[in-house]
Amino acid sequence: AQATMSIATIAGDRLTEKGFGRKPLFLFGLITLPLRCALIIYWKDAGDAFLLSTQVFDGLGGGFFGLIHPYLVADITFGTGRFNLVMGLTASCFGLGATLSNYIGQTVVETLGHVASLSGSLVLSFILVILFACFMPETMCKRGNTANKATEEKGKSYTSMEMA
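Residues numbered from 1 in each chain as written. Predicted model: local features only at pLDDT ≥ 70, side-chain atom pairs only at ≥ 80, totals over all residues. Heavy atoms only, no water.

Visitor: Help me out: how do you make sense of the environment of Lys142 in this one?
Guide: Of note, Lys142 is situated in the loop between α6 (114-135) and α7 (145-163). Between the C-alpha atom of Lys142 and that of Phe78, which follows or precedes it by 64 residues, the distance is 8.9 Å. (Helix = DSSP H or I, 4+ residues; strand = E, 2+ residues; numbered from the N terminus.)

Visitor: Whenever I open this one, the packing of helix α1 (residues 2-17) against helix α4 (residues 55-77) confuses me. Can you help?
Guide: The packing of two helices is summarised by the inter-axis angle and the distance between the axes. It is the contact of α1 with α4, at a shortest axis distance of 7 Å, that shows an interaxial angle of 40 degrees. Between α1 and α4, the crossing angle belongs to the class labelled oblique. Between α1 and α4 lies a crossing whose hand is right-handed. On the side of α1, the interface is formed by Thr4, Met5, Ala8, Thr9, Gly12, Asp13 and Thr16, while α4 contributes Val56, Gly59, Leu60, Gly62, Gly63, Phe64, Leu67, Ile68 and Tyr71. Its residues placed into classes, the contact of α1 with α4 shows 8 nonpolar, 7 polar and 1 charged. (Axes fitted to C-alpha atoms, helices over the stretch in contact; angles between N-to-C directions. Parallel < 35°, antiparallel > 145°, perpendicular 65-115°, else oblique. Left-handed = near helix turned anticlockwise from the far one by under 90°. Contact = heavy atoms within 4.5 Å. Nonpolar A, V, L, I, M, F, W, Y, C, P; charged D, E, K, R; others polar.)

This is how it looks when you write it as structure tokens:
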């Protein structure tokens, strides 16, 4: 997973430099979650080699998340002075999600088995993919648009006040 993460980060960086949008790259990272769950369910009796190959999806998701997350936060918070605050909040949410996922997943495994736990993870991650795809706008090339509009409107209001 670590080697794949490194390769995914390099590939994501090159795609970002070429103007590839942030939303599709982050969405690609999100799609690796339900794919990984589906493959583990499908290959549950195929042996360790097949199950270990699903770690590639962990590396792809981790690489793209780690690279694109700061870009998204920077784009969204540009000009507000809130970059570190939002990075801290989202990192805390990631940590809380990971903790709850491990706890709830283990509880489901103990009571209903591995396939039920992975099926639940698959459904939840698929819902996340759909929500992100439908409601998250592309943030690339959007930096400063809201901050500049606010500054322009302040300038207009000052100018109109001076004219009156």
